[in-house]
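Residue strings, one per chain:
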Amino acid sequence: MVEKLNQALANGYDGLRLSGTALWLENKDWSDFVNYEIKLDSAISNYQMIALCTYSLDRFDATKIIEAAINHQFVLIKREGTLEQIKKFQA
């Protein structure tokens, strides 16, 4: 990931955008995935990167999606056809 960022910076870009999806994920792997999301968010915050992670309510219930999403700086949800941003609570 850092190598890709360095290539982007060397090519004149301001940073790196990346996207990931959890559609491949099985329920049995959820806990490992959440731990991965925690580490990923921490790593991304140290670099000029922005990531878009997508989760499907068809595959996972809202509780699981929230469990993963709270590790991100903010979340976009679609409610009644409108996107809303929910920012991470900072104590």
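Residues numbered from 1 in each chain as written. Predicted model: local features only at pLDDT ≥ 70, side-chain atom pairs only at ≥ 80, totals over all residues. Heavy atoms only, no water.

**Focus: the environment of T54**
Stated formally: In this description a helix means any DSSP run of H or I spanning at least four residues, a strand means any run of E spanning at least two, and both kinds are numbered starting from the N terminus. The contact definition used throughout considers only heavy atoms, calling two residues in contact when any of these lie within 4.5 Å.
Tracing the backbone shows T54 in strand β2 (residues 49–54). With 26 residues separating them in the primary sequence, T54 and K28 have C-alpha atoms 19 Å apart. Setting aside residues no more than four positions away along its own chain, T54 makes contact with G20, T21 and A22.

**Some details on the confidence of the model for the protein chain**
Keep this limit in mind: Every residue is assigned a pLDDT by the predictor, reflecting its confidence on a scale from 0 to 100.
Averaged over all residues, the pLDDT of the protein chain equals 85, while 97% of them reach at least 70. Across the protein chain, element-level confidence peaks in helix α1 (residues 2–10) with a mean pLDDT of 92 and bottoms out in helix α3 (residues 62–69) with 83.

**A closer look at the pairing of strand β4 (residues 82–87)**
Heads up, the rule is: One bridge is not enough; two strands pair if DSSP finds at least two bridges between them.
Examined bridge by bridge, strand β3 (residues 74–79) and β4 share six bridges and lie antiparallel to one another. Paired with K78 across the two strands is L83, which belongs to β4. Between β3 and β4, which follow one another and run antiparallel, lie two residues, and E80 among them has a positive phi close to 55°.

**What about the pattern of salt bridges?**
This is how it is decided: Just to be clear on terms, a salt bridge is a Lys or Arg side-chain nitrogen sitting within 4 Å of an Asp or Glu carboxyl oxygen. Type-normalised accessible area, obtained with a 1.4 Å probe on protein chains alone, sets the label of each residue: buried when under 20%, exposed when over 50%, and partly exposed for intermediate values.
As enumerated under the stated definition, the model contains two salt bridges in all. A salt bridge links K28 to D29; its shortest N-O distance comes to 3.4 Å. Taking the relative accessible area as the measure of exposure, D29 reaches 25% and is therefore partly exposed. Between R79 and E84 there is a salt bridge, and its shortest N-O distance comes to 2.7 Å. On the accessibility criterion, E84 (29% relative accessible area) is partly exposed.

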